[in-house]
Amino acid sequence: MTAFRFIAAPLLALAAGAACAQAAAPVTATASWARATVQGQRSTGAFMTLVAREPLTLVGVASPAGTAELHEMRMDGDVMRMRAIDRLELPAGQPVQLKPGGHHLMVMDLKAPLQPGASMPVTLTFRTAAGEQRQLALQVPVSATPPKEAGAATAPAGHGGHKH
Ligand SMILES: [Cu+2]
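Overview of the structure. Quick caveat, the model's predicted, so the values are computed rather than measured.

## A word on the overall build of the chain
When you go through the chain residue by residue, the secondary structure sums to zero helices and ten strands. Put simply, the chain runs from its N terminus to its C terminus through helices and strands in the order β-β-β-β-β-β-β-β-β-β. By the burial criterion, 18% of the 164 residues in the chain qualify as buried. In the chain, the proportion of contacts linking residues at least 24 apart, taken out of those at least 6 apart, comes to 70%.

Written out as structure tokens, the structure reads:
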């Protein structure tokens, strides 16, 4: 006789507790932008600079615009490929850039085109050193090009304007 085992898995509704007062993530996001899509494009990248005030691990990304993932770029032989990663460490006080060609947020299966001037809601989930979760909700501006105030490396404006 086979012993049937019933594994009681209580399906506790992990409802997004809107009323649950969750402490804000001790992190700031600056120079955020998401690349506008061209016709037929179903996925896009989102970029920003994150500065954590205490050691944090970025463990999740979500957007109502589509399916969001955290990606990294990595050389595979001669080919640059991107792949999903499940975490990104943010050392305290140290800017971590999510940028084209590096770590970035990827939003796939977009429900609608992303028009320049619009914004895309993104929620980042972090884990603290104590293992607690913190969230940061952002409205990421949609743009065809990176924002100018990105600081640091200033584009060499005025060069190469050699059109005939
Ligand atoms: Cu990607």
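## What about the pairing of strand E3 (residues 56-62)?
In summary, the side chains of a regular strand alternate between the two faces of the sheet. Note that E3 and strand E6 (residues 88-90) share three bridges and pair antiparallel. By the bridge assignment, Leu58 is partnered in E6 with Leu88. One ladder, built from six bridges, connects E3 with strand E9 (residues 119-128); its direction is antiparallel. Directly across from Leu56, in E9, lies its bridge partner Thr128.

## Some remarks on unusual backbone geometry
Within the chain, Ala31 stands out as a residue other than glycine whose phi angle is a positive 50 degrees. With respect to the helices, strands and loops of the structure, Ala31 is situated in strand E1 (residues 27-35).

## A closer look at the pairing of strand E8 (residues 104-108)
Direction of pairing for strand E2 (residues 44-52) relative to E8: antiparallel, over a ladder of three bridges. For Thr44, the partnering residue across the bridge sits in E8 and is Val107. For strand E4 (residues 67-76) and E8, the ladder comprises five bridges, and the chain directions are antiparallel. Note on E8: the bridge partner recorded for His71 is His104.

## Focus on the nonpolar core
One finds Ala34, Ala46, Leu105, Met120, Val122 and Val140 to be the most contacted residues of the largest nonpolar core, which totals 24 residues. Counting residues per element, this core draws most heavily on E2, which supplies five residues. Met120 has contacts with Ala34, Ala46, Ser63, Ala65, Leu114, Val140 and Val142, leaving out every residue within four places of it along the chain.

## Thoughts on the environment of Met106
You can see Met106 is positioned in strand E8. Taking the C-alpha atoms as reference, Met106 lies 9.3 Å from Gly66; in sequence the two are 40 residues apart. If sequence neighbours within four positions are ignored, Met106 has contacts with Ser43, Gly45, Ala68, Glu69 and His71.

## Examining the environment of Val27
Checked against the element boundaries, Val27 lands in strand E1. Classification of Val27 by C-beta neighbours within 10 Å gives partly exposed; the count is 19. Separated by 99 residues in the primary sequence, Val27 and Phe126 have C-alpha atoms spaced 9.2 Å apart. Other than its neighbours up to four places away in sequence, Val27 contacts Leu50, Val51, Ala52, Arg53, Leu56, Leu90, Phe126 and Leu136.

## Observations concerning the environment of Pro26
As for its position among the elements, Pro26 is in the segment before E1. C-alpha of Pro26 to C-alpha of Gln135: the two residues are 109 residues apart in sequence and 9.0 Å apart in space. With sequence-adjacent residues up to four places away left out, Pro26 is seen in contact with Ala52, Arg53, Glu54 and Arg134.

How each quantity is defined
- Residues numbered from 1 in each chain as written.
- Predicted model: local features only at pLDDT ≥ 70, side-chain atom pairs only at ≥ 80, totals over all residues.
- Helix = DSSP H or I, 4+ residues; strand = E, 2+ residues; numbered from the N terminus.
- Buried ≥ 20, exposed ≤ 12 C-beta atoms within 10 Å, placed from the backbone.
- Contact = placed C-beta atoms within 7 Å.
- Pairing = 2+ DSSP bridges.
- Core = buried A, V, L, I, M, F, W, Y, C linked by C-beta atoms within 7 Å.

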